[in-house]
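Residue-level structural notes
So you can see what is in the structure, the chains are spelled out below.
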Amino acid sequence: MKNMKKSTIFKIISTSVLASCFFINFSSQAIANTNKSTQEIFTPAQVVEMQKIIKQYVIANPDILIAASKTLQNQEMAKMQKIATNIVHKNAKQLFANKQDMILGNPQGKISIVEFYDYQCHHCRDMSPIIEKIIKNNPDVKVILKAVPLFGESSKDATIAALSAYATNKNNFVKFHQYLMTVKTPIDKNEIKKSLNKAGYSSFSIKRYILKNKKILQQYINDNMKLANQLLKPTIGGVATPAFVVARSNINKNSVVKFRPGQMSYKDLQMMVDAIKK
């Protein structure tokens, strides 16, 4: 053992530690994960001795498992980010320049946050005040709402009502959107009607708009679902909400893109915005 090269021992320890992150054992499989030329250097007795050393080392230094796990997580995040960036660039027009999209914040904002969400998704609801805070503290930010009703007819009804409210009166939309994000779930049609009236809309006028534009509204929802599938299936394995894309509003093929699925803190979302501002 004294004659072994330090680099060789380190390689075996590193490989074994990474293996133990997944299998949580210190069997011969850890050593077996090294390449064939490395294995041939050692006798069976040396392999057993190394296993004991590695086991003792990991038990005495458990933080190494956390460090290895974080390294792996960062590698996976970088891979996901690269895939997402390519998809976003290919679908930039639909993501950032669809005139039917509902907008929060500054419509002329230089930075755009695209959010895929569902009005009945509890994680999306938890993100709502965070997004409001981002808008308040970043006057150059535009939030593009991409509603994807994943939770059945109630979600679809809420989405159609929101799209119709935005199309008929943008000034009252923020209030209506906030009401829908706070009413009890499942959201029924009566709650939608009450929220419309509280926000200053005529529920009768909205109903009339929906009947007149039913096909257009449904096509928009279908397009959003298709876009969500194109972005989220290759990155996280399926469509789930919320999910966020941040980029400059005048995005081009060389623009930096930040993508992150799931609920996050204000600090994390602000970091995404700041990364684009640089």
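Below, the structure is looked at part by part. This structure is a prediction, so every number in the text was calculated from the model and none was measured.

Cut-offs and rules
Residues numbered from 1 in each chain as written. Predicted model: local features only at pLDDT ≥ 70, side-chain atom pairs only at ≥ 80, totals over all residues. Heavy atoms only, no water. Helix = DSSP H or I, 4+ residues; strand = E, 2+ residues; numbered from the N terminus. Buried < 20%, exposed > 50% of the residue type's maximum accessible area, 1.4 Å probe, protein only. Lys, Arg positive; Asp, Glu negative; His and termini not counted. Salt bridge = Lys/Arg side-chain N within 4 Å of Asp/Glu carboxyl O. Contact = heavy atoms within 4.5 Å. Axes fitted to C-alpha atoms, helices over the stretch in contact; angles between N-to-C directions. Parallel < 35°, antiparallel > 145°, perpendicular 65-115°, else oblique. Left-handed = near helix turned anticlockwise from the far one by under 90°. Nonpolar A, V, L, I, M, F, W, Y, C, P; charged D, E, K, R; others polar. Core = buried A, V, L, I, M, F, W, Y, C linked by side-chain atoms within 4.5 Å. Pairing = 2+ DSSP bridges. Right-handed = clockwise from strand over helix to strand, strands pointing away.

Let us now look at the side chain of Lys-142. With respect to the element layout, Lys-142 can be found in strand S3 (residues 141–147). For the buried Lys-142, no salt bridge is present, and the opposite-charge side chain at shortest range is Asp-101, 8.2 Å distant. Apart from the residues lying within four places of it in its own chain, the contact partners of Lys-142 are Phe-96, Ile-103, Leu-104, Asn-106, Pro-107, Gly-109, Ile-111, Ser-112, Ile-113 and Ser-249.

Following both chains from N to C, one finds helix H8 (residues 152–168) and helix H12 (residues 214–236) inclined at 115°, their axes separated by 11 Å at the closest point. When the axis of H8 is compared with that of H12, the two are roughly perpendicular. Here the hand of the crossing between H8 and H12 comes out right-handed. Residue-level inspection shows Lys-156, Thr-159, Ile-160, Leu-163 and Ser-164 of H8 in contact with H12, the latter providing Leu-217, Gln-218, Tyr-220 and Ile-221. Counted by class, the contact of H8 with H12 contains five nonpolar, three polar and one charged residues.

Another aspect to go through is the nonpolar core. Ranked by internal contacts, the top residues of the largest apolar core, which has 66 residues, are Phe-96, Phe-173 and Phe-176. In this view, Phe-176 contacts Ala-161, Ala-162, Ala-165, Ile-192, Ser-195, Leu-196, Ala-199 and Tyr-201; residues no more than four positions away in its chain are not counted.

Note that the residue after Thr-185, namely Pro-186, is joined by a cis bond; omega there is -5°. The step from Thr-241 to Pro-242 runs through a cis peptide bond, and the omega angle for that step is -5°. Among the structural elements, Pro-242 can be located in the loop between H12 and strand S4 (243–248).

In this structure the tally under the stated criterion is four salt bridges. Measuring nitrogen to oxygen at the nearest pair gives 2.9 Å for the salt bridge that ties Asp-101 to Lys-146. You can see Asp-101 sitting in the loop between helix H6 (92–96) and strand S1 (102–105) and its partner Lys-146 sitting in strand S3, a full 45 residues away along the chain. Lys-146 shares its class with Asp-101; the two are buried. Put simply, Asp-268 and Arg-260 hold a salt bridge, and the shortest N to O gap is 3.4 Å.

Attention shifts here to the pairing of S3. Within a regular strand, side chains alternate between the sheet's two faces. Here S3 lies mainly inside the structure; seven of its seven residues are buried. Of the two faces of S3, both are covered, the one formed by Val-141, Val-143, Leu-145 and Ala-147 as well as the one formed by Lys-142, Ile-144 and Lys-146. Relative to S3, S1 is paired through four bridges, and the arrangement is antiparallel. Paired with Gly-105 across the strands is Lys-142, a residue of S3. Relative to S3, strand S2 (residues 111–117) runs parallel, the two sharing seven bridges. In the sheet register, Ile-113 faces S3, and the bridge partner there is Val-143. The parallel pair S2 and S3, bridged by helix H7 (residues 122–137), forms a crossover whose chirality is right-handed.

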